[in-house]
Amino acid sequence: NATIKNIGLKDVNIIGFRWVGGLVGSNYGTISNSYASGSVNGSWYVGSLIGYNGRTISNSYSSGIVRGISYVGGLVGFNTYDGRITNSYATGSVNGNSEVGGLVGENFNGTISNSYATGNVTGQSVVGGLVGYKDGGTITNSYASGTVAGSDNVGGLVGYKDGGTIT
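Throughout what follows, the structure given in this document is the object of discussion. All residue numbers here refer to positions counted from 1 along the written sequence of the relevant chain. Since the coordinates come from a predicted model, pLDDT governs what is reported: local features require at least 70, and pairs of side-chain atoms require 80 or more to be given and counted, while whole-chain, interface and lining totals use all residues. By convention in this description, side-chain values take in all heavy atoms of the structure and omit both hydrogens and water.

Some words on the overall build of the protein
- Tallying secondary structure elements over the protein gives zero helices and 28 strands in all.
- Its C-alpha atoms give the protein principal-axis dimensions of roughly 35 × 30 × 25 Å.
- Scored against the burial criterion, the 167 residues of the protein give a buried share of 52%.
- Any two residues whose heavy atoms approach within 4.5 Å are treated as being in contact. Partitioning the contacts of the protein with sequence separation of at least 6, the portion at a separation of at least 24 is 77%.
- Here the protein contributes 8 positively and 7 negatively charged side chains, and the mean placements of these two sets differ by 11 Å. The way it works is that DSSP assigns letters per residue, a run of H or I at least four long becomes a helix, a run of E at least two long becomes a strand, and they are numbered from the N terminus. Accessibility here uses a 1.4 Å probe with only protein chains present; expressed as a share of the type maximum, an area under 20% marks a residue as buried, one over 50% as exposed, and anything in between as partly exposed. Charged residues are defined narrowly, with Lys and Arg counted positive, Asp and Glu counted negative, and His plus the chain ends left uncounted. Lysine's charge is taken at NZ, arginine's at CZ, aspartate's at CG and glutamate's at CD.

Set out below in structure tokens:
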């Protein structure tokens, strides 16, 4: 239930294995009006701002380069069912193998609204400009504008959609 607000980290160089983020590895609280820029590298659950999100992110952004294997996102690697991302964006490039997204690698029944991603996204499978793998949940009033490249299940907005709504 921690709160992080009005925090900015510039030129980070984060290297980890899993639950890796430029600001926070795993979030179960509230993050608002915050940002991170720089380089974030890991294996699983890797995000330029947050590796794993289980609560609320609002009015926040990230820029820079994020690299990982699975669940790799420009803002958040994995957004779970209680995860809410609003009024946030990512501008950096994202590189991974599977479940790779410009904003979120995997959205598992979470909520994304009024958010966007503009960075280039590269992966092998389940690669999307905004979200790599959308497993339920909702996406509203959000967009992606970067180049997206991959082999299987590749989409400009979402790489693979399994339930939920996009409006």
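Thoughts on the side chain of Ser62
- Residue placement: Ser62 occurs in strand β10 (residues 61-67).
- Here Gly74 takes part through its backbone oxygen, which lies 2.6 Å from a polar atom of the side chain of Ser62.
- Excluding its chain neighbours within four sequence positions, the residues that come into contact with Ser62 are Ala36, Ser48, Leu49, Gly74, Leu75, Tyr89, Ala90, Thr91 and Gly92. For this analysis, a polar contact is any N or O atom pair within 3.5 Å, provided that within protein one partner can donate a hydrogen and the other can accept it, and provided that sequence-adjacent residues contribute only side-chain to side-chain pairs.

Describing the pattern of salt bridges
- When a carboxyl oxygen of Asp or Glu lies within 4 Å of a side-chain nitrogen of Lys or Arg, that pair is called a salt bridge. Tallied over the full model, the rule gives one salt bridge.
- The partner of Asp82 in a salt bridge is Arg55, with the nearest N and O atoms 3.4 Å apart. In this pair, Asp82 is assigned in the loop between β12 (76-79) and β13 (84-86) and Arg55 in the loop between β8 (50-53) and β9 (56-58), connecting sequence segments 27 residues apart.
- By relative accessible area, which is 29% here, Asp82 ends up partly exposed.
- Under the relative-accessibility criterion, Arg55 is labelled partly exposed at 30%.

A word on the pairing of β12
- By definition, two strands form a pair when at least two bridges between them are found by DSSP. Strand direction decides the pairing type here: β8 and β12, joined by three bridges, are parallel. The residue bridging Ile50 from the neighbouring strand is Val76, located in β12.
- Pairing geometry for β12 and strand β17 (residues 104-108), over three bridges, is parallel. What sits directly across from Val76, in β17, is Val104.

With respect to the pairing of strand β11 (residues 70-73)
- In terms of strand pairing, strand β7 (residues 44-47) meets β11 through three bridges, oriented parallel. Along β11, the bridge assignment pairs Trp44 with Ser70.
- As paired elements, β11 and strand β16 (residues 98-101) share three bridges and run parallel to each other. Bridged to Ser70 within β16 is Ser98.

Some remarks on the environment of Ile112
- With respect to the helices, strands and loops of the structure, Ile112 is situated in strand β18 (residues 111-113).
- Placed 100 residues apart in sequence, Ile112 and Val12 show a C-alpha to C-alpha distance of 25 Å.
- If we ignore the near neighbours within four places in the chain, the residues touching Ile112 are Asn79, Ile85, Leu103, Val104, Asn107, Val131, Thr138, Ile139, Thr140 and Ser142.

Concerning the sheet that holds β9
- The seven strands are arranged β1-β5-β9-β13-β18-β23-β28 in an open sheet whose pairing can be described as parallel. With one partner strand each, in any of the chains shown, β1 (3-5) and β28 (165-166) form the two edges of the open sheet.
- In this structure, β13 lies alongside β18, joined through three bridges in parallel fashion. If you follow Ile85 over to β18, its bridge partner there is Ile112.

A short note on the sheet that holds β17
- Pairing in this open sheet of six strands is parallel, and the strands run β4-β8-β12-β17-β22-β27 from one edge to the other. Among the strands making up the open sheet, the edge pair consists of β4 (24-27) and β27 (158-162). Pairs of neighbouring strands in the sheet enclose a mean axial angle of 5°, with direction left out of account. The angle between two axes is taken between their N-to-C directions and runs from 0 to 180 degrees, where each axis is a line fitted to C-alpha atoms and a helix contributes only its stretch in contact.

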